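Understanding the architecture of this molecule
One letter stands for each residue in the lines below.
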Amino acid sequence: MNAAPADQIRLLDVQDLDARLQQLEYKRESLPEHAELESLGKDAAQLRDLLVAAQTEESDCAREQTKAERDVDQVRQRAARDQQRLDSGAVTSSKDLENLQREIVSLAKRQGDLEDVVLEVMERRESAQERVAELTERVSSVQAKIDDATGRRDAAFEEIDTEAASATKQREVVAGSVPADLLGLYDKLRGQQGGVGAAKLYQRTCQGCRQELAITDINEIRAAAPDTVVRCENCRRILVRTADSGL
């Protein structure tokens with residue numbers, strides 16, 4: 001393949017812009033905020049699970065408390081009715097009076113037991129409410145950190161994307177001035193060689209693979225016409241000759 005020396009030099013400009021675009025993509029993908037957000041996301045998910053569990057416990061305690069209080073109220077009402085019967089004098093049989101008094105005592109004990117249950121449930125509910133409040137605050141704190149990291153990441157994205165758009169536009173202009181066959185070969189090699197399709201020959205060393213060329217290869221390149229597109233014998237990338245090639 002042949003191409004004017006100036007076109008080959010412009011190929012290096014395309015390579016520089018492609019390298020810059022590759023660097024920007026790597027920078028975008030390796031922003032520290034990515035790892036930070038992943039860690040914070042895990043923390044937030046764990047805290048939300050704990051919060052849901054605490055809220056569920058508080059809700060269960062609320063229902064349990066309502067039932068226990070209702071049971072206390074029913075026993076209290078029944079004891080009040082029995083006491084009213086006792087005080088009214090309507091019960092005259094000694095046996096019935098004895099049974100009624102025994103039931104009032106039993107109801108009082110039952111009421112006391114149920115009130116203890118209410119207190120125990122209330123304590124558990126209060127503990128669950130405190131846990132809910134604590135976890136809600138912790139979730140809010142982590143979410144604030146997520147929002148901050150997201151803002152920093154998005155700001156970095158905007159800066160990188162702006163630079164990438166500028167480099168892409170420059171690449172389009174420069175690549176547009178390179179012959180299609182030369183550019184096609186370059187793009188093919190770039191895909192095969194880790195993003196580097198053309199390299200400068202500097203002081204007899206290929207800047208693509210960093211290998212010094214053998215003297216026989218140097219002699220062949222020295223003898224080649226200026227418009228001949230030469231390749232590195234080691235990495236097969238396009239070698240672009242300049243005044244610093246050491247030929």
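Residues numbered from 1 in each chain as written. Predicted model: local features only at pLDDT ≥ 70, side-chain atom pairs only at ≥ 80, totals over all residues. Heavy atoms only, no water.

Glancing now at the overall build of the protein. Of the regular secondary structure elements, the protein holds five helices and four strands. In the protein, the succession of α and β elements from N to C terminus is α-α-α-α-β-β-α-β-β. Taken against the 2.2 N^0.38 rule, which gives 18 Å for 247 residues, the C-alpha radius of gyration of the protein at 42 Å runs more than 25% over that of a compact globule. Each principal axis of the C-alpha distribution contributes one length, and for the protein these read about 135 × 30 × 25 Å. In the protein, which comprises 247 residues, the share counted as buried stands at 31%. Contacts in the protein between residues far apart in sequence, at least 24 positions, make up 75% of those at least 6 positions apart. Counting only carbon and sulfur atoms, one obtains 49% of the accessible surface of the protein, whose full area is about 15000 Å². Of note, the protein has its 36 positive side-chain charges centred 4 Å away from the centre of its 48 negative side-chain charges. (Helix = DSSP H or I, 4+ residues; strand = E, 2+ residues; numbered from the N terminus. Rg over C-alpha atoms; globule rule 2.2 N^0.38 Å. Buried < 20%, exposed > 50% of the residue type's maximum accessible area, 1.4 Å probe, protein only. Contact = heavy atoms within 4.5 Å. Areas by Shrake-Rupley, 256 points an atom, 1.4 Å probe, with all protein chains shown as cover. Lys, Arg positive; Asp, Glu negative; His and termini not counted. Charge placed at Lys NZ, Arg CZ, Asp CG, Glu CD.)

Our focus in this paragraph is the pattern of salt bridges. For the coordinates displayed, the defined rule picks out 25 salt bridges. Between R28 and D161 there is a salt bridge whose closest N-O contact spans 2.9 Å. Placement of R28 in helix α1 (residues 5-29) and of D161 in helix α3 (residues 94-175) is noted, with a sequence separation of 133 residues between them. With relative accessibility at 26%, the residue R28 sits in the partly exposed group. Shared partners join several salt bridges into a network, and the residues in it are D18, R171, D187 and R190. (Salt bridge = Lys/Arg side-chain N within 4 Å of Asp/Glu carboxyl O.)

A few words on the nonpolar core. With 15 residues, the main nonpolar core has L11, V14, V178, L182, L183, Y186 and I238 as its most contacted residues. Where this core is concerned, the elements lending two or more residues are α1, α4 (180-192) and β4 (238-241). Of all the elements, α4 adds the most residues to this core, at five residues. (Core = buried A, V, L, I, M, F, W, Y, C linked by side-chain atoms within 4.5 Å.)

What you see with β4 is no split at all: I238 and V240 on one side and L239 and R241 on the other are buried throughout. Here strand β1 (residues 198-202) pairs with β4 via four bridges, running parallel. The residue of β4 that forms the bridge with L201 is R241. In this structure, strand β3 (residues 230-231) lies alongside β4, joined through two bridges in antiparallel fashion. Looking at the pairing, V230 lines up with L239 of β4. The hairpin turn running from β3 into β4, its antiparallel successor, is six residues long, and R236 in that turn takes a positive phi close to 70 degrees. (Pairing = 2+ DSSP bridges.)

The next thing to look at is the side chain of D18. Along the chain, the position of D18 falls in helix α1. Reaching out from D18, the side chain makes a polar contact with the side chain of R171 at a distance of 2.7 Å. Polar side-chain contacts of D18 include one of 2.5 Å to the side chain of Y186. Setting aside anything within four residues of it in sequence, one finds D18 in contact with R171, Y186 and R190. (Polar contact = N/O pair within 3.5 Å; in protein donor to acceptor, adjacent residues only side chain to side chain.)

Glancing now at helix α5 (residues 215-223). Working note: α-helix, 3.6 residues per turn, so residues spaced by three or four point in the same direction. Buried residues of α5: D217, I218 and I221, and no others. Taken around the axis of α5, the buried residues stretch over an arc of 100 degrees, which confines them to a single face. Facing away from the buried side of α5 by more than 90 degrees, the exposed set consists of E220 and A223. Each element contacted by the buried residues of α5 is listed here: β1, β3 and β4. (Arc of directions from axis to C-beta.)

For the rest of this paragraph, the subject is unusual backbone geometry. Phi angles above zero are rare outside glycine, and Q203 is one such case at about 50 degrees. Tracing the backbone shows Q203 in the loop between β1 and β2 (205-206). Looking at Q203, the relative accessible area reads 47%, which means it is partly exposed. Despite not being glycine, R210 shows a phi value in the positive range, around 65 degrees. Structurally, the position occupied by R210 is in the loop between β2 and α5. According to the relative accessible area criterion, R210 is exposed, its value standing at 58%.

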